[in-house]
Amino acid sequence: MIIDGKEIAKQIRQELRDKVSALLSEGKRAPRLGIVIVGHNPASETYVANKMKACAEVGIEAVRIAYEDTISEAQLLQEVENLNADNSIDGFIVQLPLPAHISEQHITSAIDYRKDVDGLTPENVGRTAQGLPSIVSATPRGIRELLARYNIPTDGKHIVVIGRSNIVGKPMASLLMQKHEHGNATVTLCHSHTVHLKEICLSADIIIVAVGHPGLLTEDMVSQGVTVIDVGITRVEDPTSPKGYRICGDVDFENVAPKCAYITPVPGGVGPMTIVSLLQNTLAAYEHIR
């Protein structure tokens, strides 16, 4: 079965619309998200526009906060502190990447974890790892939501996560091993130095791959009836395409899919869930769910 991330994201957006409408009917204000962008990176401009559009669709107020790429790290840190103290902003993100002269780690770490709707601060990542109330990283949250809504069991299952990034791999592994209705898994975290990757994958009930390596997971690496979640998204040159390229995931979809019980496509699988998870996190910050 193909896991339809677009359809699940659509369902969640409707649920969020209903929740925001209920807040407004009670005389409360709408949740408010700040989106900080530095410079004029075309991809970042597109991502920010998409996030603002998604907010508008569910009734969340989005505030675009733009700075030129000449801003210093010290100045940006001060702006982050201002947003931390601004009670009219429930949560905010700083769109990455940042200019080379600004440390992304310094900026991310300065965000108040209670307003960190990307779920990337050391405090939120640590709280997630310890099973404490936290704002969960957007992509891992979206993946867990897909598993839950398709009734794919994780309790007692062997889940292999390929990729150890701070955005997906590490928080994903932490999330799935927690004592939670949609956790309680035995998780193996693999990466570029993992030996016997094929053998490890063949023992998995669920494989989540997030490395940005097109076609990494091949047919001979998966067992019959496995669930595969493909987080990878890479542009690959394709002269036969009108755009001159095609979007590929980390999975050799054509050959792996016939062996799967469930699999996400690329695009249309995990991608739509990331932005909708950001919206869920914004509502959680508004409601002070920690």
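Scope of this entry: the structure provided in the associated data block. The numbering scheme is per chain: residues are counted from 1 as the chain's sequence reads. The model is predicted, so local features are restricted to residues of pLDDT at least 70 and side-chain atom pairs to those at 80 or more, both for listing and for counting; the totals for chains, interfaces and linings are taken over all residues. Water and hydrogen atoms play no part in the side-chain values, which are based on all heavy atoms of the structure.

### Some words on the overall build of the protein
In step 1: Numbering of helices and strands runs from the N terminus, with a helix taken as a DSSP run of H or I at least four residues long and a strand as a DSSP run of E at least two residues long. Broken down by element type, the protein carries ten helices and ten strands.
In step 2: Working definition: with a 1.4 Å probe on protein chains only, accessible area under 20% of the residue-type maximum means buried, over 50% means exposed, and in between means partly exposed. Evaluated residue by residue, the protein yields a buried proportion of 47% over its 290 residues.
In step 3: For the protein, long-range pairs separated by at least 24 residues make up 70% of all intrachain contacts whose partners lie at least 6 apart in sequence.
In step 4: For the protein, the accessible surface area stands at approximately 13,800 Å², while carbon and sulfur atoms represent 52% of it.
In step 5: Taken together, the 27 basic and 34 acidic charged side chains of the protein have centroids lying 4 Å from each other. Contact between two residues is taken to exist if any of their heavy atoms lie within 4.5 Å; hydrogens are not considered. Throughout, the Shrake-Rupley method with a 1.4 Å probe supplies accessible areas, and for residues the shown protein chains are the sole cover considered. Counted as positive: Lys and Arg. Counted as negative: Asp and Glu. His and the chain ends are not counted at all. One atom stands in for each charge, and that atom is NZ of Lys, CZ of Arg, CG of Asp or CD of Glu.

### Some remarks on the sheet that holds strand β10 (residues 260-263)
In step 1: Any two strands are treated as partners once DSSP identifies two or more bridges connecting them. On the basis of which strands lie adjacent, the open sheet formed by five strands has the order β5-β4-β6-β7-β10 and parallel pairing. Here the strands that pair on one side only, and so sit at the sheet edges, are β5 (186-190) and β10. On average, adjacent strands in this sheet sit at an angle of 15 degrees to one another, irrespective of strand direction.
In step 2: Of the pairings in the sheet, the one linking strand β7 (residues 226-230) to β10 comprises three bridges and is parallel in character. Paired with V228 across the two strands is I263, which belongs to β10.
In step 3: Strands β4 (158-162), β5 and β6 (206-209) of the sheet are contacted by helix α7 (residues 169-176), whose axis makes an angle of about 170 degrees with β5. For every element, the axis is a line fit to its C-alpha atoms; helices are fit only across the contacting stretch, and the angle between N-to-C directions ranges from 0 to 180 degrees.

### Some thoughts on the sheet that holds strand β1 (residues 32-38)
In step 1: Reading across the sheet, the three strands line up as β2-β1-β3 and stay open at both edges, with parallel pairing between neighbours. Unpaired on one side and paired on the other, β2 (61-67) and β3 (91-94) mark the two borders of the sheet. Averaged over all neighbouring strand pairs, the angle between strand axes comes to 20 degrees, with direction disregarded.
In step 2: In this sheet, β3 lies alongside β1 in parallel orientation, the contact comprising four bridges. The residue of β3 that forms the bridge with I35 is I93.
In step 3: Against the sheet, helix α3 (residues 73-85) contacts β1, β2 and β3, and its axis sits at roughly 165 degrees relative to β3.

### Considering the nonpolar core
In step 1: Nonpolar cores are built from buried Ala, Val, Leu, Ile, Met, Phe, Trp, Tyr and Cys residues. Side-chain atoms within 4.5 Å join them into one set. With 47 residues, the main nonpolar core has I143, I208, I229 and V231 as its most contacted residues.
In step 2: At the level of elements, α1 (5-25), β1, α2 (42-58), α6 (138-149), β4, α7, β6 and α10 (271-286) are the ones that each hand at least two residues to this core.
In step 3: Counting residues per element, this core draws most heavily on α10, at seven residues.
In step 4: Apart from residues no more than four positions distant in its own chain, V231 is found in contact with T139, I143, V168, I208, V209, A210 and V270.

### A short note on the environment of G34
In step 1: Of note, G34 is situated in strand β1.
In step 2: Along the primary structure G34 and L83 are separated by 49 residues, whereas in three dimensions their C-alpha atoms are 8.2 Å apart.
In step 3: In this view, G34 contacts V63, I65, I89, G91, F92 and I93; residues no more than four positions away in its chain are not counted.

### Notes on the packing of α6 against α10
In step 1: Taken N-terminus to C-terminus, the directions of α6 and α10 make an angle of 105 degrees; their axes are 8 Å apart at the nearest point. Viewed along their axes, α6 and α10 adopt a mutual orientation that is roughly perpendicular. For the pair α6 and α10, the contacting residues are A138, T139, R141, G142, E145 and L146 in the first and M273, T274, S277, L278, Q280 and N281 in the second.
In step 2: Side-chain classes are defined by residue name, with Ala, Val, Leu, Ile, Met, Phe, Trp, Tyr, Cys and Pro counting as nonpolar, Asp, Glu, Lys and Arg as charged, and the others, Gly among them, as polar. Classifying every residue of the contact of α6 with α10 by side-chain character gives four nonpolar, six polar and two charged. To sort the angles, those under 35 degrees are grouped as roughly parallel, those over 145 as roughly antiparallel, those from 65 to 115 as roughly perpendicular, and the leftovers as oblique.

### Brief notes about the pattern of salt bridges
In step 1: Criterion for a salt bridge: a side-chain nitrogen of Lys or Arg within 4 Å of a carboxyl oxygen of Asp or Glu. Taken as a whole, this structure holds ten salt bridges when the rule is applied.
In step 2: We note a salt bridge from E61 to R32, for which the minimum N-O separation is 2.8 Å. Within this pair, whereas E61 is found in strand β2, its partner R32 is found in strand β1, the two being separated by 29 residues in sequence.
In step 3: When salt bridges with common partners are traced through the structure, they connect E15, E145 and R149 into a single cluster.

### Comments concerning the environment of L76
In step 1: Mapped onto the fold, L76 is located in helix α3.
In step 2: Each C-alpha atom of the pair L76 and I107 lies 7.6 Å from the other, and the pair is 31 residues apart in sequence.
In step 3: Filtering out sequence-adjacent residues up to four positions away, L76 remains in contact with V36, V38, Y67, I71, L98, I102 and I107.

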